[in-house]
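A structural walkthrough
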Amino acid sequence: MTRGKYETRLDPALWAYIDAVNAWYPPEILGLPIDKQRAVYDRMSRAFHQGRPPGVKASDGLIAAAGRDIPVRRYQLAGRAARALVLYFHGGGFILGGLESHDDICAELCAGTGFDVLSVDYRLAPEHLHPAAFDDAVTAFEWAAATTDLPLVLCGESAGGNLAAGVAQATRRHVSAAIGQVLIYPGLGGDETAGSYIEHAEAPLLSVADVAFYRDVRSAKRQSLDDPTFSPLRDTDFSGLPPTVIVTAECDPLSSDGEAYRDRILAAGGKAWWHEEKRLVHSFLRARTTLPAAAEAFARIVAAVAALGRGEWPY
């Protein structure tokens, strides 16, 4: 790939991370069949896996749903009573990832907050088009609400951030509605003719062409982009949403979605805080152990989840 304007804009250590990702998962891989893309992505995820922090135990289970079971993995910190349960929805463009690909991130989130974390292995496209992933995410929320007395916090990154926002909007009037949500560089269906979609159309690790590819693979025929379960920013009502923290990367076409979502919630009288991590790129979570700026961003994310789970608003 050509580095273009990002050659000097990004730190050499970040370029080392970008180059490592591209060595495992090159941009041209989008031309391969989905099953091949998944195999490569899974190998990359294993290569970047950092292990689980001491004291974190994980157990796998299934949530029974109509005609299917939804695999989940629950992370708990030994010797500590959790004050909240985090529902985590992984990234991967709605076509990649699962319980293994984000295992270490969920384990570190558990260790950093002391909360239980429930990672949801929602159905992937193209085998399961929208609203399959959204339906699984809502079902996981409803199951958690029915089986725990702990307050719920929604968290997701990239595609998972879209799902977390969709769940928050769909369940805002539920008796056990989430008390907070943290969205990490989410794709929310924002205006692709302005802002970061233009400024960072060719950003490393995620371009607007990639965004369009993932959207099209996820879409059923005649899918409306104005469907808020598909594009949360296209909703017409942003009232009643839980306190929301959105963390995006500056050099990412999706960054403006975070700003717009914050503004809609604030305009509706809610609490929302958006932070753009300067000179970082999409998927920076995987660089959290090698790049100080990514480590600081992840620490902010963990702190936000911890505060919201305690019922606090730190901003």
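**With respect to the packing of helix α4 (residues 103-113) against helix α10 (residues 292-309)**
Relative to each other, α4 and α10 sit at 60°, their axes nearing to 9 Å. Regarding the angle of α4 to α10, the classification is oblique. In the crossing of α4 with α10, the sense of the turn from one axis to the other is right-handed. Here α4 contributes I105, E108, L109, G112 and T113 to the contact with α10, which in turn contributes F298, V302, V305 and A306. Residues belonging to the contact of α4 with α10 are distributed by class as follows: 6 nonpolar, 2 polar and 1 charged.

**Here we look at the pattern of salt bridges**
Counted under the stated rule, the structure contains 24 salt bridges. Among the ionic pairs, E199 bridges to K5, the shortest N-O distance being 3.4 Å. One end of the pair, E199, is in helix α7 (residues 196-199); the other, K5, is in the segment before α1 (6-9), and 194 residues separate them in sequence. Residue classification places E199 among the partly exposed positions, given a relative accessible area of 39%. Judged by relative accessible area, which is 43%, K5 ranks as partly exposed. A salt bridge links R172 to D237; the shortest N-O distance between them is 3.8 Å. With R172 in the loop between α6 (159-170) and β6 (180-184) and D237 in the loop between α8 (208-218) and β7 (244-251), this pair connects stretches of sequence that are 65 residues apart. The class of D237 is partly exposed, set by a relative accessible area of 28%.

**Here's the deal with the sheet that holds strand β4 (residues 116-120)**
Overall, mixed pairing links the 8 strands, which are arranged β1-β2-β4-β3-β5-β6-β7-β8 in an open sheet. Two strands lie at the open edges of the sheet, namely β1 (56-65) and β8 (272-281), each paired on one side alone. Going from strand to strand, the sheet's axes swing by 20° on average, the running direction of each strand aside. For strand β2 (residues 68-77) and β4, the ladder comprises 4 bridges, and the chain directions are antiparallel. The residue bridging R73 from the neighbouring strand is S119, located in β4. α6 rests against β3 (85-89), β5 (152-157) and β6 of the sheet, and its axis sits at about 150° to β5.

Rules used throughout
- Residues numbered from 1 in each chain as written.
- Predicted model: local features only at pLDDT ≥ 70, side-chain atom pairs only at ≥ 80, totals over all residues.
- Heavy atoms only, no water.
- Axes fitted to C-alpha atoms, helices over the stretch in contact; angles between N-to-C directions.
- Helix = DSSP H or I, 4+ residues; strand = E, 2+ residues; numbered from the N terminus.
- Parallel < 35°, antiparallel > 145°, perpendicular 65-115°, else oblique.
- Left-handed = near helix turned anticlockwise from the far one by under 90°.
- Contact = heavy atoms within 4.5 Å.
- Nonpolar A, V, L, I, M, F, W, Y, C, P; charged D, E, K, R; others polar.
- Salt bridge = Lys/Arg side-chain N within 4 Å of Asp/Glu carboxyl O.
- Buried < 20%, exposed > 50% of the residue type's maximum accessible area, 1.4 Å probe, protein only.
- Pairing = 2+ DSSP bridges.

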